[in-house]
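# Residue-level structure breakdown
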Amino acid sequence: MHDLNVRRTTILALALAIVLPMTTVSSQEQQAPTPPPSTLDPPTRADLLRGQYGRYRANNDLLFYHLDVRVDPEKKSITGKNTIRFRMLADDARIQLDLAASLNVDRILLGSTPLKYERELGTVYVDFPSTLRSGREYTIDFHYSGQPEEQGRFGGMAFRKDAAGNHWITTACEDEGASVWWPNKDQWRDEVERMQISVSIPNNLVDVSNGRFMGRTDLGDGYTRWDWLVQYPINSYNVALNIGRYEHFSDKLGDLALDFYVLPANMEKAKKQFAQTKPMLEAFRGYFGEYPFEKDGFKLIEVPYAGMEHQSAVAYGNGFVNGYLERDWTGIGVSLKFDFIIIHESGHEWFGNAVSAADVSDMWIHEGWTTYLESLYVEKLFGHDEAIRYVNSYKPKVQNREPTITQRGIHRQPQQDMYFKGALFLNTLRSVVNDDTVWWALVRDFYQQFKYQNIMTEDVVRFFNARVMKDLTPIFDQYLRRAALPALQLAFNEAGSMAYKWKTEERAFAMPVRIGRPDNWTTIEPTTDWKVMPMRLSKEEVEVAIDLYYITVEKQ
């Protein structure tokens, strides 16, 4: 997700979704830049409670949620229940769920039996009167209420008003966690297989949530219930409410339903800007396969923040302009050719929503891949050379201060390098493969193999190692588990030879690289030990294909 100030740039780079001011820049946004917290700092108790996949999370497998809530815009409150169906994977009498400490647990029922529970910060331990048996399915009703606290980059659950003074309520909580506004198993490893969402709101408002619209019911008390059905696995932070005075228009791409929800004043602008949806979908399905949530359809929904990848209900707040907030996000002109939020956030439908990381530590699987998808979109519409320029324009945004993959079992978002270094690493990997026919088959098959799954980086590495029949593990590790870039060291002497090697923290690092002249590259195979080769070109004449590899070069 520049110009408002450096702090906003940092926030955007971390999340690609920020809360936008309605008219003026807030005083908070005008404060001095604040660096993001280090992922190397000691974890808090909240980090551990949220991040550890311990006994009381691992003993059950989520099957189904029915989130049934009533939202009161005037009181800025929410009340309702989440019906949770799960299968036990081990005999036990306790499970771990999550709900923000600021919200009330009204009661938790197994059938008509009230269940005891214990709370610690955002964790709710639910205890059963007798042991739940492995292999059996159980259903509980978790009733809750309260006023969600607006928090984080996205607002968590934010009660606002549009320019016409109408209520405009949205949710977005990737980092803070969905438990800031509803009770659930708030982690990434285990997703429900299907979900029903029922939202009761005042009659003059519209709710747009994930999944297929199933209808609305006038409740006779000034409220209407809107029902949605999610027919695919979905993670908790992707579940969304979008409540406002929305108007709707629709289209189709083959059999895929396309639905668009915007404020009335923006209808004409939206019809023009959202025309980018079809070529975007066609580009990504050409690379990876059909849109992954066809039964649920694809939606773009106007929101008062930059954007978010809510599954089948993509949040859009880019002002109906190209680039990012009318700015050239990459600084080279290419990003002004398309609407950044439409392309990036929709790209998450393939990576982040269909192929999902099992732990926040591996969030580069969401963000690095989707940032790379931006360059693939550019390549499809504007050509290979523009795509290479585009992905390389992200180099100044990379910090290389901390590893991209953070420590497992601690829930905290990795640094911004997961976006830009992740994409540049994938561009490097394409150059290592050095055969685009093989590369396009690789990325397509990778997506297809792990679609609707929650995976770790180890799964990614195993797949690529098996398919290219080489051990790429040290390459993955250097780029993702180490902070520093590989440095190609070239040493020239007067005898017409050149010594070369990689300087890396991974002792087994070995990666081919192209050197020489752009019209006549030579591929060399450096390792972390010196090798020597004849070289007719001088130190000044030897070039390295640094637009194809994310590396540094040291000549001596």
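Computed from a predicted structure; not experimentally measured. (Residues numbered from 1 in each chain as written. Predicted model: local features only at pLDDT ≥ 70, side-chain atom pairs only at ≥ 80, totals over all residues. Heavy atoms only, no water.)

### Some words on the overall build of the protein
What the protein contains, in helices and strands, is twelve helices and 29 strands. For a compact globule of 556 residues, the expected C-alpha radius of gyration is about 24 Å, and the protein comes in at 25 Å, within 12% of that figure. In terms of overall dimensions, the protein has a C-alpha envelope of 90 × 55 × 50 Å along the principal axes. Across the 556 residues in the protein, those meeting the buried criterion constitute 60%. About 21,500 Å² of surface is accessible on the protein, with carbon and sulfur atoms providing 48% of the total. Each charge sign in the protein was given a centre, from 63 positive and 74 negative side chains, and these centres are 1 Å apart. (Helix = DSSP H or I, 4+ residues; strand = E, 2+ residues; numbered from the N terminus. Rg over C-alpha atoms; globule rule 2.2 N^0.38 Å. Buried < 20%, exposed > 50% of the residue type's maximum accessible area, 1.4 Å probe, protein only. Areas by Shrake-Rupley, 256 points an atom, 1.4 Å probe, with all protein chains shown as cover. Lys, Arg positive; Asp, Glu negative; His and termini not counted. Charge placed at Lys NZ, Arg CZ, Asp CG, Glu CD.)

### Observations concerning the confidence of the model for the protein
A residue-level look at the protein finds 94% of positions with pLDDT of 70 or above and a mean pLDDT of 93. The model gives residues 1-32 a pLDDT under 50, and that stretch makes 93 contacts with residues more than four places away or in other chains. (pLDDT = per-residue confidence, 0-100. Contact = heavy atoms within 4.5 Å.)

### So, the sheet that holds strand S18 (residues 298-302)
Taking strand neighbours across the sheet as the criterion, the five strands line up as S16-S17-S18-S20-S19 in an open arrangement whose pairing is mixed. On the outer flanks of this sheet lie strand S16 (247-253) and strand S19 (307-308), each paired with one strand and no other. Contacting S16, strand S17 (256-262) and S18, helix H5 (residues 277-288) runs over the sheet at an angle of about 40° to S16. Of the strands in this sheet, S18, S19 and strand S20 (314-316) are in contact with helix H6 (residues 340-347), which crosses S20 at around 160°. (Pairing = 2+ DSSP bridges. Axes fitted to C-alpha atoms, helices over the stretch in contact; angles between N-to-C directions.)

### Concerning the pairing of strand S25 (residues 513-517)
S25 sits mainly inside the fold: four of its five residues count as buried. With five bridges connecting them, S25 and strand S26 (residues 520-524) associate as antiparallel partners. Paired with Gly516 across the two strands is Trp521, which belongs to S26. Two successive antiparallel strands, S25 and S26, enclose a turn made up of two residues. Of the pairings in the sheet, the one linking S25 to strand S28 (residues 543-544) comprises two bridges and is antiparallel in character. Of the residues in S28, the one forming a bridge with Gly516 is Glu543.

### Some remarks on unusual backbone geometry
Look at Ser312: it is not a glycine, yet its phi comes out positive at around 60°. Within the element layout of this structure, Ser312 appears in the loop between S19 and S20. Its relative accessible area of 1% is what places Ser312 among the buried residues. Although it is not a glycine, Phe320 sits at a positive phi angle of roughly 60°. Within the secondary structure layout, Phe320 lies in the loop between S20 and H6.

### Notes on the side chain of His366
Residue placement: His366 occurs in helix H7 (residues 364-382). Residue classification places His366 among the buried positions, given a relative accessible area of 0%. At 3.1 Å, the side chain of His366 and the side chain of Tyr237 are in polar contact. Filtering out sequence-adjacent residues up to four positions away, His366 remains in contact with Glu174, Trp188, Tyr237, His348, Phe351, Gly352, Val355, Ser356 and Ala357. (Polar contact = N/O pair within 3.5 Å; in protein donor to acceptor, adjacent residues only side chain to side chain.)

### A few points about the pattern of salt bridges
Where charged atoms of side chains with opposite charge meet at close range, the side chains can pair. With the rule as written, the count across this model stands at 31 salt bridges. Here Asp175 and Arg153 are joined by a salt bridge, their closest N and O atoms 3.6 Å apart. Of this pair, Asp175 sits in the loop between strand S10 (167-172) and strand S11 (194-202) while Arg153 sits in the loop between strand S8 (137-146) and strand S9 (156-161); the two residues are 22 residues apart in sequence, bridging distant segments of the chain. Across the pair Glu554 and Lys503 runs a salt bridge whose closest N-O atoms are separated by 3.0 Å. With Glu554 in strand S29 (residues 552-555) and Lys503 in strand S24 (residues 497-503), this pair connects stretches of sequence that are 51 residues apart. One network of salt bridges, in which partners are shared, links Asp362, Arg408, Glu458, Asp477 and Arg481. (Salt bridge = Lys/Arg side-chain N within 4 Å of Asp/Glu carboxyl O.)

### Section: helix H8 (residues 384-392)
For H8, the full list of buried residues reads Glu386, Ala387, Ile388, Tyr390, Val391 and Asn392. Where H8 is buried, its residues meet H6, H7 and helix H9 (417-433).

### Focus on the packing of aromatic side chains
One pass over the full model with this rule turns up 52 aromatic pairs. Ring centres 4.9 Å apart and planes at 25° place the aromatic pair Phe249 and Phe260 in the stacked group. Remark: Phe260 occurs in strand S17 and Phe249 occurs in strand S16; sequence separation between them is eleven residues. For the pair formed by Phe249 and Phe260, the shared burial category is buried. Ring geometry for Phe260 against Phe274: centres 5.4 Å apart, planes inclined by 40°, an arrangement best described as tilted. Taken together, the positions of Phe260 in strand S17 and Phe274 in the loop between helix H4 (267-273) and H5 put the pair 14 residues apart, joining distant regions of the chain. One exposure class covers both Phe260 and Phe274, and it is buried. One residue, Lys337, lies across the ring of Phe382, its end atom 5.0 Å from the ring centre. Directly above the aromatic system of Trp329 lies the positively charged group of Lys397, at a separation of 3.8 Å from the ring centroid. (Phe/Tyr/Trp six-rings, centres within 6.5 Å; stacked < 30°, edge-to-face > 60°. Lys NZ or Arg CZ within 6 Å of the ring centre and 35° of its normal.)

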